[in-house]
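Structural characterization, general
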Amino acid sequence: MPRIYLVVSELDHTRYAAAARRAGLSMSAWLRAAAADRLDRGPGNEPFRAEDDVWRFFADRDVKMGRSTEPDWEEHLAAMRASWSRGTTGT
């Protein structure tokens, strides 16, 4: 199982440990539950229930991304080919 090392302040460590004890969980289990809860409550995790939900989703994305026109597909391909010819970027 992969491990995640989390750097927190002494105060946060104390708060998290106390909350985990109150919940009857190890700190690791408590942090996993807290992260899962946060993901579940995040935006975009609601299922579409009607066609209007789908249209509202894309309208919201248009607002967030701006209504600019996407580059032509050939421009995308040219950028990818140029990147490939230079090799990997290390990212």
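Before reading further, recall that the structure is shown in the block above.
In this report, we go over the structure that sits alongside the text.

Reading guide: rules and limits
Residues numbered from 1 in each chain as written. Predicted model: local features only at pLDDT ≥ 70, side-chain atom pairs only at ≥ 80, totals over all residues. Heavy atoms only, no water. Helix = DSSP H or I, 4+ residues; strand = E, 2+ residues; numbered from the N terminus. Buried < 20%, exposed > 50% of the residue type's maximum accessible area, 1.4 Å probe, protein only. Areas by Shrake-Rupley, 256 points an atom, 1.4 Å probe, with all protein chains shown as cover. Phe/Tyr/Trp six-rings, centres within 6.5 Å; stacked < 30°, edge-to-face > 60°. Salt bridge = Lys/Arg side-chain N within 4 Å of Asp/Glu carboxyl O. Axes fitted to C-alpha atoms, helices over the stretch in contact; angles between N-to-C directions. Parallel < 35°, antiparallel > 145°, perpendicular 65-115°, else oblique. Contact = heavy atoms within 4.5 Å. Nonpolar A, V, L, I, M, F, W, Y, C, P; charged D, E, K, R; others polar. 1 Å grid on protein atoms, 1.4 Å probe; cavity = no way out; pocket = protein on both sides within 12 Å on 5 of 7 lines; lining within 4 Å. Points joined across faces, edges and corners; volume = space filled by probe spheres on them.

So, about the overall build of the protein. What the protein contains, in helices and strands, is four helices and zero strands. The buried share of the protein, reckoned over its 91 residues, is 8%. A total of about 8,700 Å² of accessible surface is found on the protein, and carbon and sulfur atoms cover 57% of it.

For the rest of this paragraph, the subject is the packing of aromatic side chains. In the structure shown here, the tally under the stated rule is three aromatic pairs. Ring plane angle 80 degrees and centroid distance 5.0 Å describe the contact between Phe-57 and Phe-58, whose orientation is recorded as edge-to-face. Three or more aromatic residues joined by ring pairs form one cluster here, namely Phe-48, Phe-57 and Phe-58.

Okay, the pattern of salt bridges next. For the coordinates displayed, the defined rule picks out two salt bridges. Asp-12 is the salt-bridge partner of Arg-15, the closest N and O atoms lying 2.9 Å from each other. Taken together, the positions of Arg-15 and Asp-12, both in helix 1 (residues 10–23) and three residues apart, correspond to about one turn of that helix. Look at Asp-12 and you get partly exposed, because its relative accessible area is 21%. A salt bridge links Arg-56 to Asp-53; its shortest N-O distance comes to 2.9 Å. One end of the pair, Arg-56, and the other, Asp-53, are both in helix 3 (residues 51–65), three residues apart, so they sit about a helical turn from each other.

For the rest of this paragraph, the subject is the packing of helix 1 against helix 2 (residues 27–41). Contact pair helix 1 / helix 2: the axes reach a minimum separation of 9 Å and the direction vectors enclose 95 degrees. For the element pair helix 1 / helix 2, the angle class is roughly perpendicular. Touching His-13, Tyr-16, Ala-17, Ala-19, Ala-20 and Ala-23 of helix 1 are Met-27, Trp-30 and Leu-31, all from helix 2. Classifying every residue of the contact of helix 1 with helix 2 gives eight nonpolar, one polar and no charged.

Roughly 480 Å³ of volume is contained in the largest pocket. Along the wall of the largest pocket there are 13 residues; nearest its centre are Arg-3, Ile-4, Ser-28, Leu-31 and Arg-32. Those elements giving two or more residues to the lining of the largest pocket turn out to be helix 1 and helix 2. Looking at the lining of the largest pocket, its residues break down into nine nonpolar, two polar and two charged.

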